[in-house]
Amino acid sequence: QRVISLMGHSTLLRDRAKELLNRADYLLNKTYLLVKEEKIFLSVMRHLIVCVNTLVDLVLYIAKVKEQISEVPKINPKKLRYLHNLKNKFGLSKNQLYFFDELIQTYSKILEIEDAMNEELIQFKRHGKYVICKKDYKVEVISYSSLNQMLRKCKQLLAFIEKNF
């Protein structure tokens with residue numbers, strides 16, 4: 001009964017990730033291109049942040065169902081540690097290792113963007129790119145093409161999860 005409940009939860013997570021990707025794709029490649037509004041650009045970033053977090057939760061829930069981990073962590077640094085542990089702990093195929101590398105890299109990048117957006121020291125749009133200045137004076141520049149690339153990466157990660165997990 002508990003395993004069925006967890007599998008049902010993983011289906012909900014997968015469906016949520018798909019919905020977030022579809023919305024982000026539509027907002028970025030239809031709406032944003034049409035109106036070039038900064039709020040839409042920010043909305044796409046937020047959708048991708050939630051989507052990647054959902055994909056990470058999905059992988060961790062699947063690992064829990066398979067009894068590879070005892071709990072699904074709630075905080076992001078712990079989730080990242082768990083992903084590294086899963087990658088290194090089990091005998092994974094080349095494709096699975098590549099998947100975990102891509103997921104960890106994408107998740108790390110999303111966490112950086114999320115932290116920068118939450119710090120909100122200075123954010124502005126310049127020449128079609130969104131610039132976020134962080135506390136440590138580092139600058140995070142996000143462009144349409146980098147968001148589109150992140151969107152494609154999320155779609156690839158979700159497709160791999162659906163096919164292999």
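Keep in mind that what you see is a predicted model, and the values were worked out from it rather than measured. (Residues numbered from 1 in each chain as written. Predicted model: local features only at pLDDT ≥ 70, side-chain atom pairs only at ≥ 80, totals over all residues. Heavy atoms only, no water.)

Enquirer: Looking at this structure, how should I read the overall build of the chain?
Expert: Per the secondary structure count, the chain includes 5 helices and 3 strands. For 165 residues, the compact-globule estimate of 2.2 N^0.38 gives 15 Å, and the C-alpha radius of gyration of the chain, at 17 Å, lies within 12% of that figure. The dimensions of the chain, computed from C-alpha atoms along their principal axes, are 50 × 35 × 30 Å. Here the chain, with 165 residues, has 43% of them falling under the buried criterion. Across the chain, contacts joining residues at least 24 apart in sequence account for 62% of those joining residues at least 6 apart. Carbon and sulfur atoms make up 52% of the accessible area of the chain, which amounts to about 9,700 Å² in all. Both charge centroids of the chain, one from 29 positive and one from 18 negative side chains, sit 3 Å from each other. (Helix = DSSP H or I, 4+ residues; strand = E, 2+ residues; numbered from the N terminus. Rg over C-alpha atoms; globule rule 2.2 N^0.38 Å. Buried < 20%, exposed > 50% of the residue type's maximum accessible area, 1.4 Å probe, protein only. Contact = heavy atoms within 4.5 Å. Areas by Shrake-Rupley, 256 points an atom, 1.4 Å probe, with all protein chains shown as cover. Lys, Arg positive; Asp, Glu negative; His and termini not counted. Charge placed at Lys NZ, Arg CZ, Asp CG, Glu CD.)

Enquirer: What is the right way to read the nonpolar core from this model?
Expert: A general trend in soluble globular proteins is that nonpolar side chains are found buried together. Membership of the largest hydrophobic core comes to 52 residues, with the highest contact counts inside it found for M45, L48 and L83. Among the elements that line this core, the one with the most residues is helix α2 (residues 38-65), at 17 residues. Every residue in contact with L83, bar those within four places of it in the chain, is listed here: V56, V59, L60, F100, L103, I104 and Y107. (Core = buried A, V, L, I, M, F, W, Y, C linked by side-chain atoms within 4.5 Å.)

Enquirer: Is there a simple way to think about the pattern of salt bridges in this case?
Expert: When the charged atoms of two side chains with opposite charge come close together, those side chains can pair. One pass over the full model with this rule turns up 9 salt bridges. Where E162 meets R14, a salt bridge forms, and the shortest distance between an N and an O atom there is 3.5 Å. With E162 in helix α5 (residues 144-164) and R14 in helix α1 (residues 2-35), this residue pair connects regions lying 148 residues apart in the sequence. Judged by relative accessible area, E162 falls into the partly exposed class, the value being 37%. Of the charged contacts, one joins K79 and D57 as a salt bridge, the two residues approaching to 2.8 Å between their closest N and O atoms. Of the two residues, K79 sits in helix α3 (residues 76-89) while D57 sits in helix α2, which places them 22 residues apart along the sequence. A relative accessible area of 7% places K79 in the buried class. Taking relative accessible area as the criterion, D57 reaches 17% and is therefore assigned buried. Look at the salt bridges and you will find they share partners, linking R14, D15, K18 and E162 into a network. (Salt bridge = Lys/Arg side-chain N within 4 Å of Asp/Glu carboxyl O.)

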